[in-house]
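Letter by letter, the chains look like this.
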Amino acid sequence: MVEIAVRWQLNRHVDAVVAAKMGNVVAATSSLNGSDWDGQVLGLTSDGTTEADFLVECGISDLCSSGEGHFIAACDDGLIRVIHKEGVLPLPGGHNDCATSIAMASGREKLVVSGGMDATVMLWDLDTPDRPSKFECHSDGINSIEWMGSSILTSSSDGSYAIWDLRDRKIKPQVKVNVGAIVYAATSENSDKVVLSTEHCDILAYDSRMTQPEPLWTLTKLTAPARRLKTSPHDSSILAAGTDEPSTVIVDTTDGGIKKELYHHKDFVRGVAWNPETPRVLYCGSWDKTVSMVKLGPYHPAKLSLYHEIQQRGGASPRDRRSNLAATLTPAGQPGRRPDSYGSRMPEAYALNATFEHG
């Protein structure tokens with residue numbers, strides 16, 4: 001049984017969500033004003049209301065928690081911004097094109113990494129944020145980035161995923177695998193397996209220790225790409241994939257089987273996040289301008305959905321029938337000022353709100 005416990009109705013496209021404590025969630029949103037995108041970070045409470053909002057002067061591609069009550073946004077102008085209750089503060093430096101992804105290290109070190117359409121990875125130590133490092137890692141834009149222990153995992157439009165060693169603050173490739181298609185997202189449930197999604201509307205798993213492996217399994221039942229992948233913190237074999245069908249697919253990463261298919265949004269599902277406190281509770285954010293908190297219930301193998309049956313019979317999909325406005329509104333990088341100096345230390349960290357601290 002699937003229950004939509006809370007649905008937040010917004011007036012902006014949702015590009016990323018971060019789960020917080022007490023059933024709350026923080027959403028990164030974007031809206032097209034004329035020819036320019038602007039961003040807004042919203043604190044959404046478990047009773048369905050909005051408690052905090054912060055405007056950003058450009059669109060937001062991704063969002064993560066720093067673990068200290070404030071949030072870090074990857075923005076369309078290439079800058080990385082810290083969001084806290086006193087306002088919005090850019091980190092020094094930035095990408096030369098849209099920043100697409102952001103991740104905070106889970107250990108004691110205050111390390112932040114970002115990926116961008118300029119094919120580079122940037123690294124900040126928040127204790128000394130005025131000295132960022134920048135590395136050329138791919139031959140085309142980076143679409144996702146996340147930590148794998150002391151290493152990072154990237155996926156790219158150059159058709160590859162890669163694992164990079166960050167010891168001594170220098171980046172070295174441990175594994176780089178060409179999968180022959182644009183890789184939209186990649187995640188790792190542990191140090192031995194990488195799960196990724198591609199432009200071919202599939203989800204694949206690879207042995208992360210192999211430099212030229214064959215897929216461990218391939219899920220080919222999707223009819224549109226998955227652009228967000230998140231592993232459950234309560235069960236590392238369960239993965240949520242936000243797709244452009246639009247759907248949210250729950251995948252068993254041991255064998256690639258589909259546990260559940262959720263069709264409770266009307267446009268691209270671009271944000272997925274698991275509740276850190278309660279198992280089987282998932283947050284989904286969509287370009288239909290809503291965020292949903294979903295209680296999944298027990299996992300069972302999913303039956304072929306009516307949507308897929310229609311597709312197999314050659315019928316028109318909901319995406320084909322609806323306006324193509326959202327499909328054509330792809331955030332574009334915008335020129336932006338990059339501060340030359342952040343000063344000798346990072347200003348005092350402020351909590352966005354006590355109830356929004358990441359669990």
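Everything numeric in this text was worked out from a predicted model, so none of it was measured.

Once that is clear, we can look at the nonpolar core. Counting 16 residues, the largest nonpolar core has Val113, Leu123, Cys137, Trp147, Ile152, Leu166 and Ile171 as the members making the most contacts within it. Elements with a minimum of two residues in this core: β11 (111–116), β12 (120–125), β14 (142–148) and β16 (160–165). Of all the elements, β14 adds the most residues to this core, at three residues.

Let's shift gears to the side chain of threonine 187. With respect to the element layout, threonine 187 can be found in strand β18 (residues 183–190). Given the relative accessible area of 4%, threonine 187 is considered buried. A polar contact of 3.0 Å, which involves the side chain of threonine 187, links it to the side chain of glutamate 146. Those residues in contact with threonine 187 that sit more than four places away from it in its chain are Glu146, Leu153, Lys193, Val194, Val195, Leu229, Thr231 and Leu239.

It is worth spelling out the sheet that holds strand β17 (residues 172–178) at this point. Spatially, β14-β15-β16-β17 is the arrangement adopted by the four strands of the open sheet, whose pairing is antiparallel. Of all strands in the sheet, those bounded by a partner on one side alone are β14 and β17. Between one strand axis and the next, the sheet turns through 15° on average, direction left out of account.

Attention now goes to the side chain of threonine 29. Summarising the element assignment, threonine 29 is placed in strand β3 (residues 25–33). Take threonine 29: its relative accessible area is 0%, and that puts it in the buried class. Within the structure, threonine 29 has its side chain in polar contact with the side chain of arginine 12 (distance 2.9 Å). Polar side-chain contacts of threonine 29 include one of 2.8 Å to the backbone oxygen of glutamine 40. When residues no more than four places from it in sequence are discounted, the contact partners of threonine 29 are Leu10, Arg12, His13, Val14, Asp15, Asp38, Gly39, Gln40, Leu42 and Ile60.

The next thing to look at is the sheet that holds strand β27 (residues 281–286). The antiparallel open sheet is built from four strands, whose spatial order is β1-β28-β27-β26. The two strands at the open ends of the sheet, each matched to only one other strand, are β1 (3–9) and β26 (269–274). Across the sheet, the mean angle from the axis of one strand to that of its neighbour is 20°, orientation sign disregarded. Relative to strand β28 (residues 290–295), β27 is paired through five bridges, and the arrangement is antiparallel. Bridging from a neighbouring strand, valine 281 pairs with lysine 295 of β28.

It is possible for side chains of opposite charge to pair when their charged atoms get near one another. All chains considered together, the criterion is met by eleven salt bridges. Aspartate 62 serves as the salt-bridge partner of arginine 228, at 3.2 Å between the closest nitrogen and oxygen. Highlighted residues: arginine 228 in strand β22 (residues 226–231) and aspartate 62 in strand β6 (residues 60–65), separated in sequence by 166 residues. With a relative accessible area of 8%, aspartate 62 lands in the buried category.

Pairing geometry for strand β4 (residues 36–44) and strand β5 (residues 50–56), over six bridges, is antiparallel. Its bridge partner being in β5, leucine 44 is matched across the sheet by threonine 50. In sequence, β4 turns back onto β5 through a hairpin of five residues, with glycine 48 there showing a positive phi of about 90°.

Time to look at unusual backbone geometry. In this chain, glutamate 245 is followed by proline 246 through a cis amide linkage whose omega measures 10°. With respect to the helices and strands, the residue proline 246 is situated in the loop between β23 (238–243) and β24 (248–252). A positive phi angle, close to 70°, is found at alanine 119, a residue other than glycine. When you line up the elements, alanine 119 lands in the loop between β11 and β12.

Let us look at the packing of aromatic side chains. The tally for this structure, following the rule as stated, stands at four aromatic pairs. Between tyrosine 161 and tyrosine 206, the aromatic rings sit 5.6 Å apart at their centres with planes inclined by 50°, giving tilted as the arrangement. Remark: tyrosine 206 occurs in strand β20 (residues 203–207) and tyrosine 161 occurs in strand β16; sequence separation between them is 45 residues. Take tyrosine 161: its relative accessible area is 0%, and that puts it in the buried class.

Rules of the game
- Along each chain, the written sequence defines residue order, and numbers are assigned to residues from 1.
- Reporting in this predicted model follows two pLDDT cut-offs: at least 70 for local features of residues, and 80 or more for side-chain atom pairs to be given and counted; totals over whole chains, interfaces and linings ignore these cut-offs and use all residues.
- Side-chain descriptors were evaluated using all non-hydrogen atoms of the structure, hydrogens and water having been removed beforehand.
- Only buried residues count toward a nonpolar core, which is a set of Ala, Val, Leu, Ile, Met, Phe, Trp, Tyr and Cys residues joined through side-chain atoms within 4.5 Å.
- Under the scheme applied here, a residue whose accessible area is under 20% of the maximum for its type counts as buried, over 50% as exposed, and between as partly exposed, the area being computed with a 1.4 Å probe on protein chains only.
- Working definition: helices are DSSP H or I runs of at least four residues, strands are E runs of at least two. Numbering for both runs from the N terminus.
- Here a polar contact is recorded for every N or O atom pair within 3.5 Å, except that within protein the pair must consist of a potential hydrogen donor and a potential acceptor, and residues adjacent in sequence are included only if both atoms are side-chain atoms.
- Pairs of residues are marked as contacts when any of their non-hydrogen atoms sit within 4.5 Å.
- In this description, strands pair whenever DSSP reports at least two bridges between them.
- Helix axes are fitted to C-alpha atoms over the stretch in contact, other axes to C-alpha atoms as well, and angles between N-to-C directions run from 0 to 180 degrees.
- By definition here, a salt bridge exists when the distance from a side-chain nitrogen of Lys or Arg to a carboxyl oxygen of Asp or Glu is within 4 Å.
- Two aromatic rings from Phe, Tyr or Trp, using only the six-membered ring of Trp, form a pair when their centres are within 6.5 Å; if the ring planes differ by under 30 degrees the pair is stacked, by over 60 it is edge-to-face, and anything between is tilted.

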